[in-house]
Amino acid sequence: MKFFVDTADVDEIRELAPSGLMDGVTTNPSLIMKAGRPMMDVIAEICDVVEGPVSAEVTATEAEAMIAEGRKLAAIAKNVAVKVPLTWDGLIACRTLSNEGNMVNVTLCFNANQALLAGRAGATFISPFIGRLDDIGIDGMELIEEIRIIYDNYENIETEILAASIRTPNHVKLAAMAGADVATVPPAVLKGLVKHPLTDKGLAAFLADWEKTGQSIL
Ligand code: G3P
């Protein structure tokens, strides 16, 4: 499973880059607001740091305007994935932008039929929002499982499942088990995946014993 990082904070992205674990970045209007900087500058800077897809979301709601915005965003860099919402107009914009050779991420997916439509519209990525379904008492992970089954039934759908609204390391594990192609995670969740108290405890014991040997490797 690939990891995208869900942030518009360029400093966080620069810090994560050396790990080699960051296969792309996703942003949305709320994350741009949080960054407090002009969107075009932020996306351009992220694209300089990250080779993989960088999602930049349109804010128009009508297809023609979405397409115009999408073309402008796609012109920022070759690795921009235009993000459009899962509405009828969004699907029209997805088809056009995809036909023009752009990567398209269809976002705000909350059921399997929406994902089927996005696949048919030529989406590069479909973004089911796990955490927000959990928030209303629906098991978000079931949606990943359903989409996996549907997409695997049809060879002509090449859309990747991008598990989004991931809030916890357990979400990451379950998304991987359900066959998500990508998980987009906040930086803190990505860094949290490495943590285990027995790892810390075991390392402390090894280092204490090593100290007693009086040796040095270098
Ligand atoms: O990728 C979409 C994500 O940013 C939404 O996350 O936590 O706001 O539901 P959240």
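A few points on the structure.

## So, the side chain of Asn-79
Turning to step 1, where the next piece is worked out: Inspection of the secondary structure assignment puts Asn-79 in the loop between helix H4 (63-74) and strand E4 (80-85).
Turning to step 2, where the next piece is worked out: The class of Asn-79 is buried, set by a relative accessible area of 11%.
Turning to step 3, where the next piece is worked out: A polar contact is formed between the side chain of Asn-79 and the backbone oxygen of Gly-52, at a distance of 2.9 Å.
Turning to step 4, where the next piece is worked out: Apart from residues lying up to four places away in sequence, Asn-79 is in contact with Cys-47, Val-50, Glu-51, Gly-52, Pro-53, Val-54 and Met-103.

## Things to note about the packing of H4 against helix H5 (residues 88-99)
Turning to step 1, where the next piece is worked out: Interaxial distance between H4 and H5 falls to 8 Å at its minimum, and their mutual angle equals 45°. Our classification of the angle between H4 and H5 gives oblique. As for the relative orientation of H4 and H5, their crossing is right-handed in sense. Across the interface between the two elements, Ala-63, Met-66, Ile-67, Gly-70 and Arg-71 of H4 pack against Asp-89, Gly-90, Ile-92, Ala-93, Thr-96 and Leu-97 of H5.
Turning to step 2, where the next piece is worked out: Here the contact of H4 with H5 is composed, by residue class, of six nonpolar, three polar and two charged.

## Observations concerning the nonpolar core
Turning to step 1, where the next piece is worked out: Judged by nonpolar contacts, the single largest core of 61 residues is most densely connected at Val-84, Val-106 and Ile-126.
Turning to step 2, where the next piece is worked out: With six residues, helix H8 (residues 140-153) is the single largest residue contributor to this core.
Turning to step 3, where the next piece is worked out: Core analysis: the next-biggest nonpolar cluster, separate from the first, contains five residues, Phe-4, Ala-81, Leu-162 and Val-182 among them.

## Some thoughts on the site of the ligand
Turning to step 1, where the next piece is worked out: Around the ligand, the structure places Asp-6, Asn-28, Phe-129, Arg-132, Ala-164, Ser-165, Arg-167 and Thr-184.
Turning to step 2, where the next piece is worked out: Between the ligand and Asn-28 there is a distance of 3.1 Å, counted from an oxygen atom to a side-chain nitrogen or oxygen.
Turning to step 3, where the next piece is worked out: Separating an oxygen atom of the ligand from a side-chain N or O atom of Ser-165 is a distance of 2.6 Å.
Turning to step 4, where the next piece is worked out: Its free accessible area being 310 Å², the ligand has 81% of it covered by the protein chains.

## Quick notes on the side chain of His-171
Turning to step 1, where the next piece is worked out: Structurally, the position occupied by His-171 is in helix H9 (residues 169-177).
Turning to step 2, where the next piece is worked out: Relative accessible area serves as the criterion here: at 10%, His-171 is assigned to the buried category.
Turning to step 3, where the next piece is worked out: Setting aside anything within four residues of it in sequence, one finds His-171 in contact with Ile-130, Gly-131, Asp-134, Met-141, Ser-165 and Ile-166.

How each quantity is defined
- Here the residue numbering is sequential within each chain, running from 1 through the sequence in written order.
- Where totals are concerned, whole chains, interfaces and linings use all residues; where local detail is concerned, this predicted model gives features only for residues with pLDDT of at least 70, and gives and counts side-chain atom pairs only at 80 or more.
- The side-chain quantities take in all heavy atoms of the structure and omit both hydrogens and water.
- Only DSSP runs of H or I reaching four residues or more are called helices, and only runs of E reaching two or more are called strands; each is numbered from the N terminus.
- Partly exposed describes any residue whose relative accessible area lies between the buried limit of under 20% and the exposed limit of over 50%, with all areas from a 1.4 Å probe on protein chains only and scaled to the type maximum.
- Residues adjacent in sequence count toward polar contacts only when both atoms are side-chain atoms; beyond that, a polar contact is any pair of N or O atoms within 3.5 Å, and within protein one must be able to donate a hydrogen and the other to accept it.
- In what follows, residue pairs with any heavy atoms lying within 4.5 Å of each other are defined as contacts.
- A fitted line through C-alpha atoms serves as each axis, taken over the contacting stretch for helices, and the angle formed by two N-to-C directions is quoted from 0 to 180°.
- Should an angle lie under 35 degrees it is considered roughly parallel, over 145 roughly antiparallel, and from 65 to 115 roughly perpendicular; all remaining angles are considered oblique.
- Left-handed is the label given to a crossing in which the near helix is rotated counterclockwise from the far helix by less than a right angle, and right-handed is the label when the rotation is clockwise.
- Each residue receives one of three labels: charged for Asp, Glu, Lys and Arg, nonpolar for Ala, Val, Leu, Ile, Met, Phe, Trp, Tyr, Cys and Pro, and polar for the others, Gly being one of them.
- Joining through side-chain atoms within 4.5 Å is the link that ties buried Ala, Val, Leu, Ile, Met, Phe, Trp, Tyr and Cys residues into a set, and such a set is a nonpolar core.
- For this purpose, a residue is taken to be near a molecule or strand whenever a single non-hydrogen atom of the residue falls within 4 Å of it.
- In short, Shrake-Rupley with a 1.4 Å probe defines the accessible areas, and a residue's cover is counted only from the protein chains shown.

By themselves, these observations are geometric and do not establish any function.
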